[in-house]
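# Structural characterization, general
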Amino acid sequence: LNSFSLLSTTMKSFLEICYCLLLITQALATPVLASSPNYRCDFGNASNFKNVSTVPLSTTTVTCRQNSKEIGASSSNGAAPRDLLYDFNINIFPEKMAVFGRLFDTSVINGKYGILARDKVVVDDVNTVILHTMVLSLILSIVIYNTLLNSGCSQLVKISTTALILTSCVIGPYVYSDVMEFHRPAVRFMMCLPHFVIFFKTLEAFFGFTPAGAKSSFWIFHVYFSNAVELEFDEKTIEPVKSTWSDVFQSARDVIFNIGFNSILTSFMSAHGFKPFGLCHAGKFYDSFRISEYLDPRHLGNCFLIAVVLQQGLAVGDSICSLIIQSVYGMKVQRNMNNPLLESTSPSDFWGRRWNLMVHGVLKRGMYKPIRRYSSSTITSIATFMASGILHEWIVHSALMYHRIGIPDESLYKPDNIALGTPFAFFLWNGIVISIEKKLGRFKFVHYLSLRLPRPVAALLILMSSLPFGMWFADPYYEGRLFWDQEGLLWTIIKIDSN
C-alpha cells in the first residue's frame, strides 16, 4: 500500500509539472500568434468508430491552415475549428520496443504534435450560462428564504412556490436553449446541472431538511443554495466552518491538477474515440444480455476510463467552485470526490462517502429523508436511486436530444442511437446493489470478510458491482457527442503528422 501511495503521489506530481509546462508553452506561443495569422483547424470525418473493431491512435483528419498552407493532423472528429497554439516534435522512441519479451511498434508515438486552444464559442456560451445561473440562483434564494424557510408563510403559499420552482427547473433548460439558441451539447449539459441541484435543494427546503447552519442568515443560505458544493458546518455553533489559507492553496492546487489531468486524459481518450480498448457489444441494457460481453476486459477497460473522465470532469467544476467560495466567502467546503474508484470499501461507501458528495447530499435531504418518514430504508434507497435516474434521463433528453441543430458534428450525431432508459436502469441497478449490501451486512461472515480483505481487493470487488454496467450510464453521452464537444473547454494535444 505504501508503494502504491508513493506511485500515486509521483504520478500526480508528474502530471502537475506537465500542466505547468503546457501553460508556459501557451504563454510563449501567445505573442507569436498575436503577430501572425492564426492557425485554424478544420476537423474532417475520416472514419466512423462504429465500423471498426478497434480504434487506432489516428482516427480522424484535421486540416491546420497557416497562410493557406494545409498540414495534416490527427485529433478527435466532429469538432469545431480551433486555434493551434503551439506545435512540437517527439522523436525519442525506437521503431520497435520489447516489453516482457513482446515487440511493440512504438514508432507511431514519434511525430509532430500540437496544442489546441479552447473553443471560444463553447467557452463564451458556458460563461453566459454561468452568469445567468448566478442571477437565477440569487432570485430563487430570495424567494425560497422568504417563503419555504419562513415559518410565517401559509402551507398553500409554500406548496405553490415549490410547484412553480420545480416546474421551472424541468422546462427551463428547454425554453432557455431555444431563446438563447444554445445547441451545443457541452453548453446544454452545463445548463442542466444547476437546475438539477436547484430542484433537489428546493425539495429539501420544502420538507424542512435544509441544514440548520444554512438557514442562519440569508447571506449564508444564498451561498449554500447558489453553489454546487457542500458547505461544512460546525456541529456546536451550526455556523459555517471558516476556510484557512491552507484550504485555499489546496483548492488552487486541485484546480491546476484537475485541469491539467483532464487535458491530458481527454487528449488521449479523444484520439481513441473515447473507447481506447476497442468497441464491444455490451452497452445498452435492452440488448441481448451476455455475461461474457459485460465481463470482456476491453469493455471493462473502456468503462473504467470513462468513469475516470466523468470523475475528473466533476472534479474540475468542484475545485473551481471550492477555490472561489473558500477564497472569496471564507467558508470551508467538503471535497466532492474522495478517490471513489480506488478506495471504496463498499457500495454504500462509494455512493455515500466518496462519489459526487454534493449530489449525494441534496438527494439525501431532498428525497431520501422525506420518503424515509413513510417507508423502510430498502425501499427508500431504491426510490432515491430511481429519482436520480429519472433526473439523469431528463438531462440526456434536454442536453443531447432536444432540437439539435447547427452543431459542427451533426453529420456524426445519430439521435436514434441514444437510448432513453439506460441511465435509469443503471441507477436502479445500483439501488438494488445497495439494498443487497444492507441485507448481507447483517451476516457476521460478510462483516468479518470486509474487515480482512486488502483495500485494493475490496475496491476492485466493489467497482465490479457497477463497472460492467457503466455504459448504461455513459452510452447516451457517447452517442450524443458530449465527450467530443466538451473538448472545447480544455486545451488538448493532437498529433499533426508522423515522422
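Residues numbered from 1 in each chain as written. Predicted model: local features only at pLDDT ≥ 70, side-chain atom pairs only at ≥ 80, totals over all residues. Heavy atoms only, no water.

### Quick notes on helix H5 (residues 218-226)
Keep this limit in mind: Here the term buried applies to any residue with accessible area under 20% of the maximum for its type, exposed to any over 50%, and partly exposed to those in between, with areas from a 1.4 Å probe on protein chains only. Secondary structure is summarised from DSSP: a helix means a run of H or I of at least four residues, a strand means a run of E of at least two, and numbering begins at the N terminus for each. We call two residues contacting when some pair of their heavy atoms lies within 4.5 Å.
Those residues of H5 not exposed but buried are Ile220, Phe221, His222, Val223, Tyr224 and Phe225. Next to the buried residues of H5 lie helix H2 (120-146), helix H4 (185-207), helix H8 (297-329) and helix H11 (357-372).

### A look at the environment of proline 185
Relative to the assigned elements, proline 185 resides in helix H4. The buried category is assigned to proline 185, whose relative accessible area is 0%.

### What to know about the packing of helix H12 (residues 377-401) against helix H13 (residues 422-440)
Angle between the axes and distance between the axes are the two parameters that describe a pair of packed helices. Quick note on the threshold: Axis definition: a line fitted to C-alpha atoms, over the contacting stretch in the case of helices. Angles run 0 to 180 degrees between N-to-C directions. The scheme is simple: roughly parallel for angles under 35 degrees, roughly antiparallel for over 145, roughly perpendicular for 65 to 115, oblique for anything else. Handedness of a crossing is defined here by the sense of rotation of the near helix relative to the far one, left-handed for an anticlockwise turn of less than a right angle and right-handed for a clockwise turn.
Where H12 contacts H13, the axes come no closer than 8 Å and their chain directions differ by 160°. Viewed along their axes, H12 and H13 adopt a mutual orientation that is roughly antiparallel. Seen along the crossing, H12 lies across H13 with a hand that is right-handed. Of H13, the residues touching H12 (which contributes Ser377, Thr378, Ser381, Ile382, Phe385, Met386, Ser388, Gly389, Ile390, His392, Glu393 and Val396) are Thr422, Pro423, Phe424, Phe427, Leu428, Asn430, Gly431, Ile432, Ile434, Ser435, Lys438 and Lys439.

### Quick word on the packing of H8 against helix H16 (residues 470-479)
Worth spelling out the cut-off: Each residue is assigned to one of three groups, with Ala, Val, Leu, Ile, Met, Phe, Trp, Tyr, Cys and Pro labelled nonpolar, Asp, Glu, Lys and Arg labelled charged, and all others, Gly among them, labelled polar.
Where H8 contacts H16, the two axes come as close as 10 Å, and the packing angle between them is 65°. Note that H8 runs across H16; the crossing there is left-handed. Here His299, Asn302, Cys303, Ile306 and Leu310 of H8 lie close against H16, whose contacting residues are Gly470, Met471, Phe473 and Ala474. In the contact of H8 with H16, the residues fall into six nonpolar, three polar and no charged.

### Description of the confidence of the model for the protein chain
We count it as follows: Every residue gets a pLDDT, meaning the predictor's confidence in that residue, from 0 to 100.
Overall, the predicted model of the protein chain reaches an average pLDDT of 79, with 76% of residues at or above 70. Least confident of the elements in the protein chain is strand E1 (residues 40-43), whose mean pLDDT is 34; most confident is H11, at 94. Contacts of residues 14-78 to residues separated by more than four positions or lying in other chains number 140 contacts, the stretch itself having pLDDT below 50.

### Quick notes on the nonpolar core
This is how it is decided: Within this scheme, the nonpolar core is defined by two criteria: the residues are buried Ala, Val, Leu, Ile, Met, Phe, Trp, Tyr or Cys, and they are joined through side-chain atoms within 4.5 Å.
Judged by nonpolar contacts, the single largest core of 78 residues is most densely connected at Phe200, Trp351, Tyr477 and Phe483. Ranked by the residues each element gives to this core, the list is headed by H4, at nine residues. Residues Val122, Val129, Phe182 and Ala186 belong to the second largest nonpolar core, which totals eight residues.

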